[in-house]
Amino acid sequence: MSERSGIFAGTDPFEIAGRWLAEAKENEPNDPDAIALATVDSDGMPNVRMVLLKEIEPASFVFYTNYESAKAAELDGAGKAAFVMHWKSLRRQIRVRGTITRESGPQADEYYASRSLKSRLGAWASKQSQPLSSRSVLMAEVAKVTAKLGPNPPRPPFWGGYRLVPTEIEFWADGAFRLHDRFRWQRDQVGSDWQIQRLNP
């Protein structure tokens, strides 16, 4: 893999992903940490939505959501998910597939506490994915939880993180005449060695 140099160089895919994200934060005008998260429901029907990736750990990717949402039901039900992270400014993307577990301990508490007060109260007020008769109903619920919980609300028991541990990561960069560069890191199971292949564009 001597040709895997430049932006693709390195022996750790999480380090490469972190490097790309750091570069995107310097160039992408909006939400450089946005990912399109794909799940499937109990019938195998796919679903996808944008969420914010909050951490690249040494062996996983972490994001947060409401555990009572449709997204969470699909994540818990399948135990697997995929996402793509695309940056127009860099003309690059990262595709990831793997297994899912919850992060509902101190790490989730710490992230929740780092959010703005309005975001923390909004997490309490929103019954994510459930029908809503009007925006005024939602705002009334925000006012209600604000009065009840005050300026330092605890993390809701129904809100926390998910950790995606990948079995496949693909790094893609735009090439002239659509001759893109693609490298796939793949392993049979978590903990096994990565196999790296260049793919046709």
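Residues numbered from 1 in each chain as written. Predicted model: local features only at pLDDT ≥ 70, side-chain atom pairs only at ≥ 80, totals over all residues. Heavy atoms only, no water.

(A) The nonpolar core, seen in detail. With 32 residues, the main nonpolar core has F61, F83, M85, W87, I94, I169 and F171 as its most contacted residues. Broken down by element, this core gets its largest block of residues, six residues, from helix α1 (residues 13–27). Excluding residues that lie within four positions of it along the chain, I94 makes contacts with A17, W20, F83, V84, M85, W87, I169, E170 and F171. Listed in part, the eight residues of the second largest apolar core include Y64, Y111, A123 and F158. (Core = buried A, V, L, I, M, F, W, Y, C linked by side-chain atoms within 4.5 Å. Buried < 20%, exposed > 50% of the residue type's maximum accessible area, 1.4 Å probe, protein only. Helix = DSSP H or I, 4+ residues; strand = E, 2+ residues; numbered from the N terminus. Contact = heavy atoms within 4.5 Å.)

(B) Representation of unusual backbone geometry. The backbone of F177 shows a phi angle near 60 degrees, a positive value even though the residue is not glycine. Located in the positive-phi region is R178, a residue other than glycine, with phi close to 60 degrees. By secondary structure assignment, the location of R178 is in the loop between β6 (159–173) and β7 (181–186). Judged by relative accessible area, which is 68%, R178 ranks as exposed.

(C) Spatial organisation of helix α5 (residues 135–149). Given a rise of 1.5 Å per residue, 15 residues ought to cover 21 Å, and the 21 Å separating the end C-alpha atoms of α5 matches this to within 8%. Within two residues after α5, G150 carries a phi angle of roughly 75 degrees, on the positive side. (Expected span 1.5 Å × (residues − 1).)

(D) Up close: the packing of aromatic side chains. Scanning all chains against the criterion turns up 14 aromatic pairs. For the ring pair W185 and W194, a centre distance of 6.4 Å and an interplane angle of 80 degrees mean the geometry is edge-to-face. Here W185 and W194 have matching classes, each one buried. Lying across the ring of W20, R92 places its NZ or CZ 5.0 Å from the centre. Note that R102 overlies the ring of Y67, its terminal NZ or CZ placed 3.8 Å from the centroid. (Phe/Tyr/Trp six-rings, centres within 6.5 Å; stacked < 30°, edge-to-face > 60°. Lys NZ or Arg CZ within 6 Å of the ring centre and 35° of its normal.)

(E) The arrangement of the side chain of H180 in detail. If you trace the backbone, H180 turns up in the loop between β6 and β7. Since its relative accessible area comes to 12%, H180 is described here as buried. Within the structure, the side chain of H180 is placed 3.4 Å from the side chain of D174, a separation counted as a polar contact. (Polar contact = N/O pair within 3.5 Å; in protein donor to acceptor, adjacent residues only side chain to side chain.)

(F) Seen up close, helix α4 (residues 117–125). Every buried residue belonging to α4 is among R120, L121, A123 and A125, and all of these are buried. Looking at the buried positions of α4, the neighbouring elements they touch are β3 (61–66), α3 (106–114), α5 and β6.

(G) Inspection of the pairing of strand β4 (residues 80–87) at higher detail. The alternating pattern of β4 places A81, F83, M85 and W87 on a buried face and K80, A82, V84 and H86 on a face that is not buried. Pairing of strand β1 (residues 34–40) with β4 involves three bridges; the strand directions are antiparallel. Note that in β4 the partner of A36 across the bridge is V84. Summarising the sheet, β4 and strand β5 (residues 92–103) pair through eight bridges and their orientation is antiparallel. By the bridge assignment, F83 is partnered in β5 with V96. (Pairing = 2+ DSSP bridges.)

(H) View of the pairing of strand β2 (residues 46–56). One ladder, built from seven bridges, connects β1 with β2; its direction is antiparallel. Each residue of the ladder has a partner; that of I35, found in β2, is V51. The turn joining β1 and β2, which pair antiparallel and follow one another in sequence, is formed by five residues; a positive phi near 85 degrees is taken by G44. For β2 and β3, the ladder comprises three bridges, and the chain directions are antiparallel. Paired with I56 across the two strands is F61, which belongs to β3. The antiparallel hairpin formed by β2 and β3 contains four residues in its connecting segment.

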